[in-house]
Amino acid sequence: MAREFLLLHGASIFHKGIDIGAPEGTKLYAICDGEITFADFLGGGGYTITLSKNDMKITYCHVSPEFIVSVGDTIKKGQHIANVGPKNVYGIPNNPYKDKDGNPTNGATTGCHLHLGIRINNQYVNPLSLFPNIAN
Ligand SMILES: [Zn+2]
């Protein structure tokens, strides 16, 4: 878990993926068919879900803690799988991420946004090279 977390979001050190600013509650859709393989709080990624298809893992970070999918769910492309989460989240033990007022945040984030990362065989790739229309 520690390594995954570092690769995912060692904040500015390893920023693998793209950030898409969006208000809390914005619906997030599956960009391909797949299966949910992770749905939990993931350090700097905050509340995170991972959609996996063969060797590809698509990670949606800073989502709402009120998950609407579960690990093991089979997902169809275009399915509503998460919502953009709040900036602040409470009740996570030892959450090291805080805003300037000292309130705990949904991972390493300064505001509501989607962080989208895609790995193929555990190598990060540019999401926009695979899915050019991702942010539309
Ligand atoms: Zn990010």
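Each value, and the rule that gives it
Throughout this document, residue positions are counted from 1 along each chain, in the order its sequence is written. Per-residue local features are limited, in this predicted model, to residues with pLDDT of at least 70; the limit for side-chain atom pairs, both in listing and counting, is 80 or more; totals at the level of whole chains, interfaces and linings are taken over all residues. Heavy atoms from the whole structure form the basis of all side-chain values; hydrogens and water molecules are not counted. By nonpolar core is meant a set of buried Ala, Val, Leu, Ile, Met, Phe, Trp, Tyr and Cys residues that side-chain atoms within 4.5 Å join together. Per-residue accessibility, obtained with a 1.4 Å probe over protein chains only, is compared with the maximum for each type, and a residue is labelled buried under 20%, exposed over 50%, and partly exposed between these values. In this text, helices come from DSSP runs of H or I with a minimum length of four residues, and strands from runs of E with a minimum of two, each type numbered from the N-terminal end. We call two residues in contact when some of their heavy atoms are within 4.5 Å. Aromatic rings from Phe, Tyr and Trp, taking only the six-membered ring of Trp, are treated as a pair when their centres fall within 6.5 Å; an angle between ring planes under 30 degrees marks them as stacked, one over 60 as edge-to-face, and anything in between as tilted. Two strands pair if DSSP finds at least two bridges between them. We define a polar contact as two N or O atoms separated by no more than 3.5 Å, with the added condition that, inside protein, one atom must be a possible hydrogen donor and the other a possible acceptor, whereas residues neighbouring each other in sequence contribute only through side-chain atom pairs. Every residue is assigned a pLDDT by the predictor, reflecting its confidence on a scale from 0 to 100. For this document, the term salt bridge refers to a Lys or Arg side-chain nitrogen within 4 Å of an Asp or Glu carboxyl oxygen.

Q: Explain the nonpolar core to me, please; I cannot follow it from the model alone.
A: In a soluble, globular protein the nonpolar side chains are often hidden away together inside. In terms of nonpolar packing, the biggest core is built from 27 residues, with L51, I58 and Y60 touching the most fellow members. Those elements that provide at least two residues to this core are β1 (18-21), β3 (34-41), β4 (47-53), β5 (56-61), β7 (80-83) and β8 (113-120). The contact partners of L51, leaving out residues within four places of it in the chain, are A30, I31, C32, G34, E35, I36, M56, K57, I58, Y60 and I75.

Q: Help me understand the packing of aromatic side chains in this model?
A: What characterises a pair of aromatic rings is the spacing of the ring centres plus the angle enclosed by the ring planes. One pass over the structure, following the stated rule, counts 2 aromatic pairs. Consider the rings of F41 and Y47, whose centres lie 5.1 Å apart with planes at 80°: the pair is edge-to-face. A relative accessible area of 16% means that F41 is categorised as buried. For Y47, a relative accessible area of 14% puts it in the buried group. The interplanar angle of 70° and the centroid separation of 6.0 Å between the aromatic rings of Y47 and F67 together place this pair among those described as edge-to-face. Of the two residues, Y47 sits in strand β4 while F67 sits in the loop between β5 and β6 (74-75), which places them 20 residues apart along the sequence. Taken together, F41, Y47 and F67 form an aromatic cluster joined through their ring pairs.

Q: It is not clear to me how the pairing of β1 should be interpreted in this structure. Could you clarify?
A: Two faces, one strand: in a regular strand the side chains alternate between the faces of the sheet. With burial as the criterion, only one face of β1 is covered, namely that bearing I18 and I20; the residues D19 and G21 on the opposite face remain uncovered. Pairing between β1 and β8: 4 bridges, direction antiparallel. Across the sheet, I20 pairs through a bridge with L114, a residue of β8.

Q: Can you help me understand the environment of V125 in this one?
A: You can see V125 is positioned in strand β9 (residues 123-125). Apart from the residues within four sequence positions on either side, V125 is in contact with I118, I120 and L130.

Q: Mind showing me how you'd approach unusual backbone geometry here?
A: With glycine set apart, most residues show a phi of negative sign, and most peptide bonds adopt trans. Positive phi outside glycine occurs at N94, with the angle close to 60°. Mapped onto the secondary structure, N94 falls in the loop between β7 and β8. The exposed category is assigned to N94, whose relative accessible area is 76%. Residues other than glycine seldom take positive phi values, yet N121 does so here, at roughly 50°. Mapped onto the elements, N121 comes out in the loop between β8 and β9.

Q: Please clarify how the side chain of H115 should be interpreted in this entry.
A: Within the secondary structure, H115 is located in strand β8. Here the side chain of H115 touches D19 through a polar contact of 3.1 Å, side chain to side chain.

Q: What exactly am I supposed to notice about the environment of G21 here?
A: The residue G21 is located in strand β1 in this model. Along the sequence, G21 and H115 sit 94 residues apart, while their C-alpha atoms lie 8.6 Å from each other. Those residues in contact with G21 that sit more than four places away from it in its chain are C112 and H113.

Q: Teacher, can you tell me more about the confidence of the model for the chain here?
A: Atomic detail in the predicted coordinates should be set aside for any region of low pLDDT. When pLDDT is averaged along the chain, the result is 87; 87% of the residues meet or exceed 70. Low confidence marks residues 1-14, where pLDDT is under 50. Its contacts with residues over four positions away, or in another chain, come to 28 contacts.

Q: Can you walk me through the pattern of salt bridges in this structure?
A: Close approach of charged atoms lets side chains of opposite charge pair. Scanning the entire structure with this criterion turns up 2 salt bridges. A salt bridge links D99 to K87; the shortest N-O distance between them is 3.6 Å. Pair noted here: D99 is in the loop between β7 and β8 and K87 is in the loop between β7 and β8, with a separation of 12 residues, a long-range link. We classify K87 as partly exposed; its relative accessible area is 28%. Note that K100 is salt-bridged to D101, the shortest N-O span being 4.0 Å. Neither K100 nor D101 differs from the other in exposure class; each is exposed.

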